[in-house]
Amino acid sequence: MAYSDLVNGTAGDANQVNANFNTCMRYDKYAQYSYSVAANTAGGTATSGSWQDYPLNTEVIDAGGIGSLSSNKITLAAGTYYIEANAVLYGANANCRLRIYDSTSSTVLINGVCLRHPTADDAFPIQVCGVFTIAGTKDIKLQYRVENTITTNGLGYPLNWDSTNEIYATVNIWKIG
């Protein structure tokens, strides 16, 4: 179905799109994990030189029991998944990137887009998203790479708003097959 068919289409076209979306992006097959720290706490050092694990320490929701979190690793059973991960890298003044990595098989599942921080005092959210299939139970990680090491705030600069936790990364996963 073409985009123009959706824009100029019938209610039947929209219903089909909704049915496809509801089949793939079901809430009962959804999990979210995050890197959350106490209010006014910096994200930590972003280390350059090689791929590093982005910290993940909180299971926000796992509506269908599709995964588990331990030591920055998300364990998933065999299946096909859609993943969206967002993280902050602060003050890199250089190139940076995220990826989804299968640490069980030592395989890159998805590479994110490359981003260049224009100045040393900026924080940018970066993203990696896509679909992957795994044949058995695997441990996956959100990883980052930066060109320059940034101490203390490299993985996030604290806002300290309303004494709520600082959230520097989220990983949203839907099991779609």
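A.B. asks: Would you explain unusual backbone geometry in this entry?
C.D. replies: Glycine aside, residues mostly have negative phi, and peptide bonds are mostly found in the trans state. Backbone geometry at N160 places phi at a positive 55°, although glycine is not the residue there. Positionally, N160 belongs in the loop between β11 (138-146) and β12 (166-175). The backbone of S163 shows a phi angle near 55°, a positive value even though the residue is not glycine. Overall, S163 belongs to the exposed group, its relative accessible area being 64%.

A.B. asks: What is the right way to read the pattern of salt bridges from this model?
C.D. replies: Side-chain pairs of opposite charge can arise whenever the charged atoms involved come near each other. Under the definition given, this model contains one salt bridge. For D53, the salt bridge identified is with K141, shortest N-O distance 2.9 Å. Separated by 88 residues along the polypeptide, D53 in strand β2 (residues 52-53) and K141 in strand β11 bring together distant segments of the chain.

A.B. asks: Looking at this structure, how should I read the packing of aromatic side chains?
C.D. replies: For any pair of aromatic rings, geometry is given as the distance between the ring centres together with the angle between the planes. One pass over the structure, following the stated rule, counts seven aromatic pairs. The interplanar angle of 80° and the centroid separation of 5.8 Å between the aromatic rings of Y54 and Y144 together place this pair among those described as edge-to-face. Residue Y54 is located in the loop between β2 and β3 (58-62), and its partner Y144 is located in strand β11; the two are separated by 90 residues in the primary sequence. For Y54, a relative accessible area of 0% puts it in the buried group. Residue classification places Y144 among the buried positions, given a relative accessible area of 2%. Seen in terms of ring centroids, Y81 and F132 are 5.6 Å apart; in terms of plane orientation they differ by 25°. Their pairing is stacked. Residue Y81 is located in strand β6 (residues 79-90), and its partner F132 is located in strand β10 (residues 123-134); the two are separated by 51 residues in the primary sequence. The pair Y81 / F132 is uniform in exposure class, with both members buried. Clustering of aromatic rings is evident, with ring pairs tying together Y35, Y54, Y144 and Y168.

Cut-offs and rules
Residues numbered from 1 in each chain as written. Predicted model: local features only at pLDDT ≥ 70, side-chain atom pairs only at ≥ 80, totals over all residues. Heavy atoms only, no water. Helix = DSSP H or I, 4+ residues; strand = E, 2+ residues; numbered from the N terminus. Buried < 20%, exposed > 50% of the residue type's maximum accessible area, 1.4 Å probe, protein only. Salt bridge = Lys/Arg side-chain N within 4 Å of Asp/Glu carboxyl O. Phe/Tyr/Trp six-rings, centres within 6.5 Å; stacked < 30°, edge-to-face > 60°.

Read these as spatial facts, not as claims about activity.
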